[in-house]
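The primary structure of each chain is shown beneath.
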Amino acid sequence: MEMSQMNGASSLVASLEAAGVDVMFGIPGGAILPAYDPIFSSSIRHILVRHEQGAGHAATGYAQVTGRVGVCIATSGPGATNLVTPLADAAMDSVPVVAITGQVPSVAIGTDAFQEADIRGITMPFAKHNYLITDPADIPRAIAEAFHIASTGRPGPVLVDIAKDALQKMTDFKYPTSVSLKGYQPKSAPDAQSITDAAELITQSSKPVFYVGGGAIKADVSRELLELAQILGAPVVTTLMARGAFPDSHPLHLGMPGMHGTVAAVTALQKADLLITLGARFDDRVTGKLSTFAVNAKVIHADIDPAEIGKNRFADVAVIGDLKHTITALIPALKLALAKSRPDLTPWLRQVNALKASYPLGYDAPKDGSLSPQYVIERLGKISGPQTIFAAGVGQHQMWAAQFVSYENPRTWLNSGGLGTMGYAVPAAMGAKVGAPDTTVWAIDGDGCFQMTNQELVTCALNNIPIKVAIINNESLGMVRQWQTLFYEGRYSNTNLESKRVPNFPMLAEAMGCVGLSCERAEDVDATIEKAMSINDQPVVVDFRVHRDAMVWPMVAAGTSNDDIMIARETAPDWDSQEL
Amino acid sequence: MAQHTLEVIVENSPGVLARVAGLFSRRAYNIERLSVGPTSDPETSKMDIVVNLEGHALEQVIAQLDKLINVISIQEILPNSAQPVIHDTQPDYTN
C-alpha cells in the first residue's frame, strides 16, 4: 500500500477500513472528536448508541453472530470507563472485540485533566491486550495488531487508546501488510502425538462423554463435531456457551451440564470414565465442587489456550491447538484406533438414555392460573424456529432460555456466560441484528435486566434495527429471589422490583419508537408471539407478565457436589431406580 | 516450599512491568523478589522474578505469563544446573 499524508484521525479511519470493518458502535466526545470527522465520510457504518455500554455489548453480539471482530468507539474518561463492563464480558466469553477510545492530549496525560481516565491501566487485568498511542505514526500498526490479536488464538477484547494530539497531528499512512509479534504466536495445529494419545485413550473408555464448550462455536466446528460424535457414538453435553454447537434434537445430546443442567448431562459427566473436553474450561458453574467432579474420569482437554490446560482439572492428554485442526485430525485417528479396538458403549448409552427419559426438563403450571415463564420461552422457541437468534440477559430467564429453546445451529444463542452481565440482551441483540439483518433476533430479557440497558431500543428504532424483546416480567430480580427462597428463609431483601406497576413497559417501548405489547394469559401467548413476528419494520417489545415464584430446576447449589443435584425443592432424583 | 527463579524476556514497552505485576496480583500469587534490567537488545528487557511456588501453581504462573503479548520468553533458572528449563507453551506458529 502506498504512503499518503493525512492526520492521525484519518489514519485511524483508513486503518479500520483496511482492517475490513463494516460497522462500528459508538458515541463521540471531546478527545475522540477528531476521529469523528473522517468517520462522517467513511464507508464504515457508524451506529450512534445511547450509552457506551450498549456499544460494547452490540460489538460483542455482532461478533458472536458473524464470527468477525466487533468494533466499538468512545471518548476518554467516562466514555471509556463505560466500556469496561462489556470488555470484561467479552474477555470472559472469549469474544473478538476491538475498542477504540480517545485519550486526553499527550501533554495532559497524568495531570488529572478533564475527562482523563487511565483506561489502559483499568482494562489491563482482563483485556487480551491494549495500547496507549501518543504518536500518530503508530496508529496503523496498533490497529493491525489489535485486530490480529483479538481474532486469533483464543479470541478476546483489545483496546486502543489514542491521545487527542495523535489524532490531530499529520502523519504518513501506511497499513502494514503483515503482523509479527515476538511474544504472540498462537498455535493452530496440535501435536500429532497428542492426537494419537487422545484416540488411544478414547478406545480404552467404556463411559466417555463429549464435554463441549464455547470454543466449539468460536472454531466453527459443528459439522466436524457431529461427525466425531457419531463415529464414536458417545453422548454429548453442550455448556451454556456451547448451546447450538451440537443439535439439541440429536439422540446423542444429553443437554446442558452445570448448575442448572439436565440430570442426564450432569450425571453423565459425574459417572464418566473419560471426558473428551473440546473448547471448555471446567468452569465452577459446570463442575460444582471441583474435588467431587467426575472423580473417576480421565480427561482429554483440547483447547487453543495452553493456560487452560490443568488450570482447574488435571488433563491426562492435552491437545493444544485450534479445535478445527484438532477435530479434523482426531476423526481419522479415531477411526483408525476404533478399527483395531472398539469399546462397547451400549451399557453406558442405556444408562444415560434412561436418565434422559426419566428426568426430562419440565415445569409445573402455576397453581393460581398465572402465566408460566418457562411456557412463554418454550413457545418463543417453537414459533420462531431453529434459524432464529436468541440473546438473553442474566438470571432465571437466561437459564430457561438455555433450557427450553431447542438450539439446532451454532451462533443462534448469545448470552453473558462468564461475567454474568445483567443488561446484556438488548444491546447484544442489536449487534446481532446488524450482523444478521435477515434473521429474526429475539432478546429474551428479565424485567431487571431490561431496565439496565433498554435505552438502546431508541438506537434500534432510529437505525432500522428491528429486534424483538420478550420481557419475562416476574417483577423481581428472579434468580436472587430464588436464592432467597432457598437459602435465606424467604427474606426477600431488595429483590422486589414492582415492575408490573412501574414502569409500564409497553408505553416505555412506544415512547422509544417501538411497538409495545403485553400478555398475561397462557391462551394469548401464541397469538402475541405471532403478532410480534409479523412486525418487521420496527422493534417490538412484549411484556410477558409471569408468575413470580417459578424457579429454575434442576439445580446444583453453589459450592456443593454435582452428585447432590436437585430436580425440585428438596427433591433429588431417585438414584435407586437408576442403573449407574 | 522451594524458591524458583523465572527469567522473563519482555518487550521494552511502557506498562510492561504493570502488566506482569498485575498478573501476579490478579491471579493471587506472590512475588518474592523482582529485578528488571536491560539486555543487549534495546527493544527488550529482562525480568528476574523469584516466586515461592511449585508444581501446578508454578506451571499456571508460567502459562499465564506467557499469554501476555509483551512477554517474549520465560526460562526457569535452576541453581545447580547448567541447563535452564525453557518454558514455551506457545510453540512455533504453524498456521
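Residues numbered from 1 in each chain as written. Chains lettered and ligands numbered in written order. Predicted model: local features only at pLDDT ≥ 70, side-chain atom pairs only at ≥ 80, totals over all residues.

S.K.: Go over the overall build of chain A with me, naming the residues and quoting the values.
M.R.: Summing up its helical and strand segments, chain A has 23 helices and 20 strands in all. Against the compact-globule benchmark of 25 Å for 580 residues, chain A has a radius of gyration of 24 Å, which places it among compact chains. Along the three orthogonal principal directions, the C-alpha set of chain A runs to about 75 × 60 × 40 Å. Looking at chain A as a whole, 56% of its 580 residues are labelled buried. In chain A, the proportion of contacts linking residues at least 24 apart, taken out of those at least 6 apart, comes to 77%. (Helix = DSSP H or I, 4+ residues; strand = E, 2+ residues; numbered from the N terminus. Rg over C-alpha atoms; globule rule 2.2 N^0.38 Å. Buried ≥ 20, exposed ≤ 12 C-beta atoms within 10 Å, placed from the backbone. Contact = placed C-beta atoms within 7 Å.)

S.K.: Could you give an account of the sheet that holds strand E20 (residues 540-545) of chain A, with specific residues and numbers?
M.R.: Residue and element names in this part refer to chain A. Read from one edge of the open sheet, 6 strands run E16-E15-E17-E18-E20-E19, paired in parallel fashion. Bordering the open sheet on either side are strand E16 (413-414) and strand E19 (515-519), each of which pairs with just one other strand. Contacting strand E15 (389-392), strand E17 (441-446) and strand E18 (468-473), helix H17 (residues 396-404) crosses the sheet at an angle of about 140° to E17. (Pairing = 2+ DSSP bridges. Axes fitted to C-alpha atoms, helices over the stretch in contact; angles between N-to-C directions.)

S.K.: If you had to explain the interface of chain A and chain B to someone new, which residues and values would you point to?
M.R.: Between chain A and chain B, the residue contacts involve 19 residues of the former and 23 residues of the latter. Taken together, the residues of the side of chain A that touches chain B break down into 9 nonpolar, 6 polar and 4 charged. (Nonpolar A, V, L, I, M, F, W, Y, C, P; charged D, E, K, R; others polar.)

S.K.: Give me the domain arrangement of chain A: which residues, what numbers.
M.R.: Residues and elements named next belong to chain A. Parsing chain A into structural domains produces domain 1 (4-173), domain 2 (192-358) and domain 3 (373-545). Counting residues at the interface gives 13 residues for domain 2 and 13 residues for domain 3. Partitioned by chemical class, the residues of the side of domain 2 that touches domain 3 number 6 nonpolar, 4 polar and 3 charged. (Domains from an automatic or database assignment.)

S.K.: Run through the packing of helix H16 (residues 373-384) of chain A against helix H23 (residues 525-534) of chain A, naming residues and quoting values.
M.R.: All names here are of chain A. The interhelical angle for the contact between H16 and H23, taken along N-to-C directions, is 45°, at an axis separation of 10 Å. It follows from the interaxial angle that H16 and H23 lie oblique. For the pair H16 and H23, the crossing hand works out as right-handed. Contacts between H16 and H23 pair Tyr375, Val376, Arg379, Leu380, Ile383 and Ser384 from the former with Val525, Asp526, Ile529, Glu530 and Met533 from the latter. Class assignment of the residues belonging to the contact of H16 with H23 gives a composition of 7 nonpolar, 1 polar and 3 charged. (Parallel < 35°, antiparallel > 145°, perpendicular 65-115°, else oblique. Left-handed = near helix turned anticlockwise from the far one by under 90°.)

S.K.: Could you give me a rundown of helix H21 (residues 478-487) of chain A, with the residues and numbers involved?
M.R.: All names here are of chain A. Of all the positions in H21, only Gly478, Met479, Arg481 and Gln482 are classed as buried. What you see down the axis of H21 is that its buried residues fit within an arc of 155°, all on one side. Just past H21, the residue Glu489 takes up positive phi, approximately 55°. (Arc of directions from axis to C-beta.)

S.K.: Can you lay out the sheet that holds strand E11 (residues 253-255) of chain A for me, pointing to particular residues and giving the numbers?
M.R.: All names here are of chain A. Pairing is parallel across the open sheet formed by 6 strands, whose spatial order is E11-E10-E9-E12-E13-E14. Edge positions in the sheet fall to E11 and strand E14 (317-320), since each of these pairs with one other strand and no more. Shown here is a sheet whose adjacent strand axes are inclined to one another by a mean of 20°, direction ignored. Bridge count for strand E9 (residues 208-212) against strand E12 (residues 274-278) is 5 bridges, and the pairing is parallel. Bridge pairing in E12 places Val212 opposite Leu278. Lying on the sheet, helix H9 (residues 192-203) is in contact with E9, E12, strand E13 (298-303) and E14; it crosses E14 at an angle near 135°.

S.K.: How would you explain the environment of Gln168 of chain A if you had to name every residue and give the values?
M.R.: Residue and element names in this part refer to chain A. Within the secondary structure, Gln168 is located in helix H8 (residues 164-168). The class for Gln168 is partly exposed, based on 14 C-beta atoms found within 10 Å. Each C-alpha atom of the pair Gln168 and Ser10 lies 9.0 Å from the other, and the pair is 158 residues apart in sequence. Discounting chain neighbours no more than four positions away, the residues touching Gln168 are Asn7, Gly8 and Pro34.

S.K.: Run through the environment of Cys460 of chain A, naming residues and quoting values.
M.R.: Residues and elements named next belong to chain A. For Cys460, the position within the fold is in helix H20 (residues 456-462). Linking Cys460 and Val49, residues 411 residues apart in sequence, is a C-alpha distance of 8.7 Å. Once residues lying within four places of it in the same chain are set aside, the contact partners of Cys460 are Met430, Ile465, Ile467 and Pro539.

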